[in-house]
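# Survey of secondary and tertiary structure
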Amino acid sequence: MIERSRSGARAIEYRRERLTGLACTISPTRLSRGLNHPPVPTPVPAPGDCPFCPGQVERETPTFPDGSRIRRGESVTFPNLYPFAPCHTVTVITRAHALDRFEPRQLADALQGAAESIAAAPGYASINWNYLHSSGASLDHPHLQGVVMDRPSFVHGRHLAGSSRYLTRAGRLYREALIEHERSSDRFLFGDEVPFVASAVPIGEREVRALLPAGSLEGAVPYFECLATGLCRVLDLYRDLGSHAFNVACFFGREGRDRGFSAFCSVISRINPNRDSISDSAFMERLHLQPIVMTLPEELGRYGRDAF
Ligand SMILES: [Zn+2]
């Protein structure tokens, strides 16, 4: 499933995922830099300052062509005012502007709303989340982004192409082989219907993947409650490890078209918002496209299983 090689006495490890060709370098030594200080608290907005807070969201955000917004539980979904894809929506997850921990119900409702907003658009769908400024979020108020692109993103495309090749060559889904392989590894975290696994080749810090038993968005929706419950457990684990910021991306295939592909959701922890604007995304992540991560997936798996 992966290639690994070590170099030097400092346990620097290079890993490459055979399915996609994606690679990373793991350097646990870099943890001792101690850069992840407690997060700078989220400022409380003055009344009227946050367009996603209750009262404002109805006035400040656009509607779909029929004049509606999608409401599921406390979530509200509407078109993105600044889209980068032909179909690009925003789902405000909670009524609260900031909160300590997310509830599975809140995430499940928001995922449903996001899915509904992009379901009819043709193309390559994903549901994504930047949480807190240091992860790339421009607004503090928690929100998902539903995106459907004419062409898959780089990572999405690698998984689609690799999964199709794998099915042709091996005669079965890559997801099946992966779960079989990972279930007995130190990386396995929890889950039966939707297994959660510390990614063997993490492309961000503490990457965890949820492996959905369906290819398309439509097929994956019935598993969103399960996904939301597991995602909350992972976010709680990050929180316990001192990381408050994170990114999430859920990738989906096209209904009846992307053979061999199984939908999945990746989550990575990010450096906390900090007063010095220190970033955890630098030349290796942005220009070499070969992320440097600090946490060994096997250690995250062992720690996570104990914690759960
Ligand atoms: Zn707000």
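Further up the page is the structure itself.
## Side note on the packing of aromatic side chains
Two numbers describe a pair of aromatic rings. These are the distance of the centres and the angle of the planes. Tallied over the full model, the rule gives twelve aromatic pairs. Taking the centre distance of 5.2 Å and the plane angle of 80 degrees together, the rings of Tyr166 and Tyr174 count as edge-to-face. When the ring of Phe190 is compared with that of Phe308, the centres are 5.1 Å apart and the planes differ by 90 degrees; the resulting orientation is edge-to-face. Here Phe308 lies in the segment after helix H8 (297–307) and Phe190 lies in strand E9 (residues 188–190), a separation of 118 residues in the sequence. For Phe308, a relative accessible area of 33% gives the class partly exposed. Pairwise contacts between aromatic rings join Phe102, Trp129, Tyr131 and Phe246 into one cluster. Positioned over the ring face of Phe190 is Arg233, at 4.0 Å from the centre of the ring. One Lys or Arg, Arg233, reaches over the ring of Phe308 and ends 4.7 Å from the middle of that ring.

## What about the packing of helix H2 (residues 104–118) against helix H6 (residues 224–240)?
Close contact between H2 and H6 brings their axes to 8 Å; oriented N to C, the two are set at 130 degrees. Judged by the inter-axis angle, H2 sits oblique to H6. When the axes of H2 and H6 are compared, the crossing they make is right-handed. Residues Pro104, Arg105, Leu107, Ala108, Leu111, Gln112 and Ala115 of H2 lie in contact with H6, whose contacting residues are Phe224, Glu225, Leu227, Ala228, Thr229, Leu231, Cys232 and Leu235. Tallied by class, the residues present in the contact of H2 with H6 amount to eleven nonpolar, two polar and two charged.

## Brief notes about the pairing of strand E7 (residues 124–131)
The element E7 is extensively covered by neighbouring structure, given that seven of its eight residues are classed as buried. Pairing geometry for E7 and strand E8 (residues 143–149), over six bridges, is antiparallel. By the bridge assignment for E8, Ser126 is matched with Val147. Examined bridge by bridge, E7 and strand E12 (residues 245–251) share six bridges and lie antiparallel to one another. Its bridge partner lying in E12, Trp129 is registered against Val248.

Parameters at a glance
- Residues numbered from 1 in each chain as written.
- Predicted model: local features only at pLDDT ≥ 70, side-chain atom pairs only at ≥ 80, totals over all residues.
- Heavy atoms only, no water.
- Phe/Tyr/Trp six-rings, centres within 6.5 Å; stacked < 30°, edge-to-face > 60°.
- Helix = DSSP H or I, 4+ residues; strand = E, 2+ residues; numbered from the N terminus.
- Buried < 20%, exposed > 50% of the residue type's maximum accessible area, 1.4 Å probe, protein only.
- Lys NZ or Arg CZ within 6 Å of the ring centre and 35° of its normal.
- Axes fitted to C-alpha atoms, helices over the stretch in contact; angles between N-to-C directions.
- Parallel < 35°, antiparallel > 145°, perpendicular 65-115°, else oblique.
- Left-handed = near helix turned anticlockwise from the far one by under 90°.
- Contact = heavy atoms within 4.5 Å.
- Nonpolar A, V, L, I, M, F, W, Y, C, P; charged D, E, K, R; others polar.
- Pairing = 2+ DSSP bridges.

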